[in-house]
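The residues making up each chain are set out below.
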Amino acid sequence: MSEENKKNTDSGLEIKPVYTQNDNSAFENTIKSEDYLPGNFPFTRGVQSSMYRGKLWTMRQYAGFSTAEESNKRYHYLLSQGVSGLSVAFDLPTQIGYDSDHALAEGEVGKVGVAIDSIEDIQTLFDGIKLDQVSTSMTINATGFILLAFYVALAKQQGADLKKISGTIQNDILKEYAARGTYIYPPKPSMRIITDIFEWCSKEVPKWNTISISGYHIREAGSTAVQEIAFTLANGKAYVEAAQKKGLDINVFGKRLSFFFNAHNNLFEEVAKFRAARKMWAQIMKDLGATDPKAMMLRFHTQTGGSTLTAQQPLNNISRVTIQSLAAVLGGTQSLHTNGYDEALSLPTEEAAKIALRTQQIIAFESGAPDTADPLAGSFFIESLTNEIEQAAYKLIGKIDAMGGSVSAIEQGFIQDEIARSAYEYQRNIESGNKIIVGVNKFQSEEETTIPILKVDDNIRNIQTEKLQQLRKNRNHSKCDQVLQELNDKANSGENIMPTVVEAVENKCTLGEIADTLREIYGEYK
């Protein structure tokens, strides 16, 4: 075949002109086995036997901007339109442990998510929403333990049974060092906080997913599909091993691990990626000592690819999001967020969020895609691609294992360098025209953008500062000082910090004060 006729997936795997049973000789034996049924180890075809015939995926819409009051209005709107789970976006100061009145928060308050400084903001954020009747996902990492404490404190105020509240904190700090950058503490104390969360949640909030191990941001930073699952599963291994070192039972905490993947435009590669990831994680957990099938299941949330959205001809993004959503459903996702078509320009408007949600609903109720489990199974192409992605990802994980695992690989810069190399290669292919992006490097047109843009009021920092001044004036200062000193002591002694963090937020300590107390003990990662 001539070079110009060669086709590759976005991960660089070569695609043949046609696939036959000869490409799947190993698969021929597998297909006759019980292991090939959905719901059976290694779960290649899905974690439930009937998949969406039993229950559709959770339709989440990621939302949060401005103040808690504004975000609360958007949540009520989304719930009225049929979302079945909330997904909270936090602003950058909240993500890196600064109160809104901190000097370093200036210019960022309420911009890329909602500003949360205290228990009072969480009360406002979920006003009129019963936490025991909704599943909430929170995209928060370095301060995930504080946001979880806020949420639990509010659930207690509402009289909810903590054994029944459900949701997820992202809480995946390793990918922050590798790809995203919203870390606070160095890797080792960060891992210690995460295992404290695992331990505490298994007793206090057993239905809570204690971590969402994220490939999403790795992909957004420019990785390939193969790198996305290799680096994500390697990070997952690191969390499991850290929990085991603390003496936690893999069959208990393993059931509460969840994953978060990206869905890109290459439909078949993305479907194969999700199938391969499930199969690989089941084997990894088995090798680490899991015996309960539920602890070996890779359950995952998907978000459509933010980096694939274009500011040029933004309505084309509706088509991109549809393809990506279909890939997630055909690949067996447990929950899904669809991006708004305007997100290359601004935070999504209400109209764009509604179209994004309708995209999921049309796939769910009109496309027929959910009517049978793993509908692409047995396809010569899909099965071959699933195997190739698995082999390529294992090769990368082998390199990370040889370095001593993810923490060491991140400290040595290996994962960051691999992602940067792929991002450069992808961009070079776009600029050379080898990779076509419709409306960007081909099929361009002169156009006036008339898309309405959501603007966030710059006065939000002043609003949040006034709230903080009132909070500090009206709280019990000596009790706050006492509980923050207790947090300091527990962080130093190695005791589990979570009970004290919950007590701190209940006594109106702010997010920044709690984060700063631990900054004094652990230092900051540079």
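See the structure above.
Chemist: I'm lost on the overall build of the protein chain in this one. Help?
Modeler: Along the protein chain, the regular secondary structure elements total 21 helices and 11 strands. The C-alpha atoms of the protein chain give 23 Å as radius of gyration, which agrees with the globular expectation for 526 residues (24 Å, within 12%). Going through the 526 residues of the protein chain one by one, you find that 56% of them count as buried. In the protein chain, of all internal contacts separated by at least 6 residues, the share reaching a separation of at least 24 is 78%. Here the protein chain contributes 54 positive and 66 negative side-chain charges, whose respective centroids are spaced 4 Å apart.

Chemist: Honestly, the nonpolar core in this entry has me stumped. Any pointers?
Modeler: The nonpolar side chains of a soluble globular protein tend to be buried, and buried together. Among the nonpolar cores identified, the biggest contains 138 residues, and Phe-126, Phe-145 and Ile-514 are the most heavily contacted of them. When residues in this core are grouped by element, the largest group, 11 residues, is from helix 5 (residues 144–157). Residues contacting Phe-145, with those up to four places away along its chain left out, are Tyr-185, Ile-193, Ile-197, Ile-497, Met-498, Val-501, Ile-514 and Leu-518.

Chemist: How should I be thinking about helix 21 (residues 511–522) in this particular structure?
Modeler: At 3.6 residues per turn, the α-helix brings residues three or four places apart onto the same side. Given a rise of 1.5 Å per residue, 12 residues ought to cover 16 Å, and the 16 Å separating the end C-alpha atoms of helix 21 matches this to within 8%. With nine of its 12 residues buried, helix 21 lies for the most part within the structure.

Chemist: Is there a simple way to explain helix 11 (residues 267–287) in this structure?
Modeler: For helix 11, with 21 residues, the first-to-last C-alpha span of 31 Å sits near the 30 Å given by 1.5 Å per residue. Summarising burial for helix 11: 15 of the 21 residues are buried, a large majority. In the segment just after helix 11, Gly-289 is the residue with positive phi, at about 115°.

Chemist: It is not clear to me how a nonpolar patch on the surface should be interpreted in this structure. Could you clarify?
Modeler: Nonpolar side chains collect at one region of the surface, where Ile-436, Val-438 and Phe-443 lie side by side and expose about 280 Å² of accessible area between them. Along the chain, Ile-436 falls in the loop between helix 17 (414–432) and helix 18 (460–474). On the basis of relative accessible area, Ile-436 is assigned to the partly exposed category, the value being 43%.

Chemist: Is there a simple way to think about unusual backbone geometry in this case?
Modeler: Outside of glycine, negative phi angles account for most residues, and trans bonds account for most peptide bonds. Note the cis peptide between Phe-41 and Pro-42, where omega equals 5°. By the secondary structure assignment, Pro-42 is in the loop between helix 1 (25–30) and strand 3 (58–63). Positive phi, close to 65°, is recorded for Phe-43, a residue that is not glycine. Tracing the sequence through the fold places Phe-43 in the loop between helix 1 and strand 3. Here Phe-43 falls in the buried class, since its relative accessible area comes to 1%. Even without being a glycine, Lys-508 presents a positive backbone phi close to 70°. Mapped onto the elements of the fold, Lys-508 is located in the loop between helix 20 (498–506) and helix 21.

Chemist: Quick question: what am I supposed to make of the pattern of salt bridges here?
Modeler: Where charged atoms from two side chains of opposite charge come close, those side chains can pair. Evaluated as defined, the whole model comprises 34 salt bridges. Notably, a salt bridge pairs Lys-490 with Glu-486, separated by 4.0 Å at the nearest N-O pair. Of the two residues, Lys-490 and Glu-486 both sit in helix 19 (residues 477–493), four residues apart, roughly one turn of that helix. Several salt bridges share partner residues, and in doing so they unite Asp-99, Asp-101, Arg-472, Arg-475 and Glu-513 into one network.

Chemist: Quick question: what am I supposed to make of the sheet that holds strand 11 (residues 335–337) here?
Modeler: Note: strands within a sheet are paired through backbone hydrogen bonds, in either parallel or antiparallel orientation. With respect to topology, nine strands assemble into an open sheet ordered 7-6-5-4-3-11-10-9-8, the strand pairing being parallel. Since the sheet does not close on itself, it has two edges, and those belong to strand 7 (208–209) and strand 8 (211–214), each with one partner. Helix-sheet contacts for helix 11 involve strand 9 (257–263) and strand 10 (300–304), and the interaxial angle to strand 9 is about 160°. Sheet strands touched by helix 14 (residues 350–365): strand 3 and strand 11. Its angle to strand 3, the strand with the most contacts, is close to 165°.

Chemist: How do you make sense of the layout of surface pockets when you look at a structure like this?
Modeler: Empty space left among the atoms is revealed by rolling a probe the size of a water molecule over them. In this structure, the largest pocket occupies an estimated 1,500 Å³ of space. Surrounding the largest pocket, 47 residues form its lining, Thr-9, Asp-10, Tyr-426, Asn-429 and Lys-435 being those nearest its centre. Elements represented by at least two residues in the lining of the largest pocket include exactly strand 1 (7–8), helix 8 (216–220), helix 9 (225–245), helix 13 (316–330), helix 15 (380–402) and helix 17. With nine residues, the top contributor of residues to the lining of the largest pocket is helix 17. In terms of residue class, the lining of the largest pocket is made up of 14 nonpolar, 20 polar and 13 charged. Considering only enclosed or pocket space, the second largest pocket measures out at about 890 Å³ in volume. The set of elements that each furnish at least two residues to the lining of the second largest pocket consists of strand 3, strand 5 (136–139), strand 6 (167–169), strand 9, strand 10 and strand 11.

Chemist: Would you explain the side chain of Ser-118 in this entry?
Modeler: Structurally, the position occupied by Ser-118 is in the loop between helix 3 (92–95) and helix 4 (119–125). Classification of Ser-118 as buried rests on a relative accessible area of 4%.

Chemist: Where do I start with the packing of helix 7 (residues 187–204) against helix 9 in this structure?
Modeler: Packed helix pairs are specified by the crossing angle of their axes together with the interaxial distance, meaning the distance between the axes. Following both chains from N to C, one finds helix 7 and helix 9 inclined at 70°, their axes separated by 10 Å at the closest point. It follows from the interaxial angle that helix 7 and helix 9 lie roughly perpendicular. Residues Met-191, Ile-194, Thr-195 and Phe-198 of helix 7 pack against Ala-238, Tyr-239, Ala-242 and Ala-243 of helix 9. Residue composition of the contact of helix 7 with helix 9, by class: seven nonpolar, one polar and no charged.

Quick notes on the rules
- Sequence order sets the numbering: in each chain, residues are counted from 1 along the sequence as written.
- This being a predicted model, a pLDDT of at least 70 is required before a residue's local features are given, and a value of 80 or more before pairs of side-chain atoms are given or counted; all residues contribute to the totals for chains, interfaces and linings.
- Side-chain measures here rest on the full set of heavy atoms in the structure, leaving out hydrogens and waters.
- Secondary structure elements follow DSSP: runs of H or I no shorter than four residues count as helices, runs of E no shorter than two count as strands, and numbering proceeds from the N terminus.
- We compute the radius of gyration from the C-alpha atoms alone; for a globule the expected value is 2.2 Å times N to the 0.38, where N is the number of residues.
- With a 1.4 Å probe rolled over the protein chains alone, any residue whose accessible area is under 20% of its type maximum counts as buried; one over 50% counts as exposed, and the rest are partly exposed.
- For this analysis, residues touch if any pair of their heavy atoms sits within 4.5 Å.
- Residues scored as charged are limited to Lys and Arg (positive) and Asp and Glu (negative), so that His and the chain ends carry no count.
- Charged groups are reduced to one reference atom each: NZ for lysine, CZ for arginine, CG for aspartic acid, CD for glutamic acid.
- The definition of a nonpolar core used throughout is a set of buried Ala, Val, Leu, Ile, Met, Phe, Trp, Tyr and Cys residues joined through side-chain atoms within 4.5 Å.
- Multiply 1.5 Å by the residue count of a helix minus one, and that product is the helix's expected span.
- The patches described consist of residues with a relative accessible area above 30% and no salt bridge, like charges being joined within 9 Å and nonpolar side chains (Val, Leu, Ile, Met, Phe, Trp, Tyr) within 5 Å.
- For the accessible areas, the method is Shrake-Rupley and the probe is 1.4 Å, while residue cover comes only from the protein chains on display.
- Salt-bridge detection follows one rule: a side-chain nitrogen of Lys or Arg within 4 Å of a carboxyl oxygen of Asp or Glu.
- Following DSSP output, two strands are said to pair if at least two bridges run between them.
- Helix axes are fitted to C-alpha atoms over the stretch in contact, other axes to C-alpha atoms as well, and angles between N-to-C directions run from 0 to 180 degrees.
- Residues are said to line a cavity or pocket when one of their atoms sits within 4 Å of a point; the points come from a 1 Å grid over protein atoms alone, cavities being sets where a 1.4 Å probe fits but cannot get out and pockets being open sets with protein on both sides within 12 Å along at least five of seven lines.
- Grid points are joined across faces, edges and corners, and a volume is the space filled by probe spheres set on the points.
- Nonpolar residues are Ala, Val, Leu, Ile, Met, Phe, Trp, Tyr, Cys and Pro. Charged residues are Asp, Glu, Lys and Arg, and all others, Gly as well, are polar.
- Geometric relationships in this document are graded by angle, where less than 35 degrees denotes roughly parallel, more than 145 denotes roughly antiparallel, 65 to 115 denotes roughly perpendicular, and other angles denote oblique.

Remember that the coordinates give geometry; whether it matters functionally is a separate question.
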